[in-house]
Amino acid sequence: MKRIAILSAALTVLVGLDGVYMMAAHYKPKDINSFNLSDGGTLMVAAVILLLVTVVSFFMAKKTGEADKGV
């Protein structure tokens, strides 16, 4: 579970940075999807969802570690 937490944290940072770059560079701002989000906005939504997965994974890894120790 700890590996999933670390991997999702790294992926969250990468996707978030890419989204920020796309929004700052105005990468295809008129190319929008059905939710009225540009490519950068879509990546920012994905980064927030990944952040939630990361937080839950870290809490699960912490609880698993405590259970293994008998605490």
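Attention in this report is confined to the structure presented alongside it.

### A few points about the overall build of the protein
And then number 1: On a plain count of helices and strands, the protein comes out with two helices and zero strands.
And then number 2: With 71 residues in all, the protein has 21% of them scored as buried.
And then number 3: Contacts in the protein between residues at least 24 apart in sequence constitute 62% of all its contacts with a sequence separation of at least 6.

### Focus on helix α1 (residues 2–24)
And then number 1: Helix length check: α1 (23 residues) gives 33 Å between terminal C-alpha atoms against 33 Å at 1.5 Å per residue, within 8%.
And then number 2: With its phi angle positive at about 55 degrees, His26 sits one or two positions after the end of α1.

### Some details on the environment of Leu14
And then number 1: For Leu14, the location among the structural elements is in helix α1.
And then number 2: Between the C-alpha atoms of Leu14 and Ala47, which are 33 residues apart in sequence, the distance is 8.5 Å.

### Some remarks on the side chain of Ser57
And then number 1: Mapped onto the elements, Ser57 comes out in helix α2 (residues 39–69).
And then number 2: Those residues in contact with Ser57, other than ones at most four positions away along the chain, are Met1, Ile4, Ala5 and Ser8.

### Observations concerning a nonpolar patch on the surface
And then number 1: Together, Met1, Ile4, Val56 and Met60 make up a nonpolar patch on the protein surface, roughly 370 Å² of accessible area in all.
And then number 2: Mapping Met1 onto the fold places it in the segment before α1.
And then number 3: On the basis of relative accessibility, which here comes to 43%, the residue Met1 falls in the partly exposed class.

### Observations regarding the environment of Val15
And then number 1: By the element assignment, Val15 lies in helix α1.
And then number 2: According to the relative accessible area criterion, Val15 is buried, its value standing at 16%.
And then number 3: Placed 28 residues apart in sequence, Val15 and Leu43 show a C-alpha to C-alpha distance of 6.3 Å.
And then number 4: Among all residues touching Val15, those that are not within four sequence positions of it are Leu43, Ala46, Ala47 and Leu50.

Conventions and cut-offs
- Residues numbered from 1 in each chain as written.
- Predicted model: local features only at pLDDT ≥ 70, side-chain atom pairs only at ≥ 80, totals over all residues.
- Heavy atoms only, no water.
- Helix = DSSP H or I, 4+ residues; strand = E, 2+ residues; numbered from the N terminus.
- Buried < 20%, exposed > 50% of the residue type's maximum accessible area, 1.4 Å probe, protein only.
- Contact = heavy atoms within 4.5 Å.
- Expected span 1.5 Å × (residues − 1).
- Patch = residues over 30% accessible without salt bridge, like charges linked within 9 Å, V, L, I, M, F, W, Y side chains within 5 Å.
- Areas by Shrake-Rupley, 256 points an atom, 1.4 Å probe, with all protein chains shown as cover.
- Salt bridge = Lys/Arg side-chain N within 4 Å of Asp/Glu carboxyl O.

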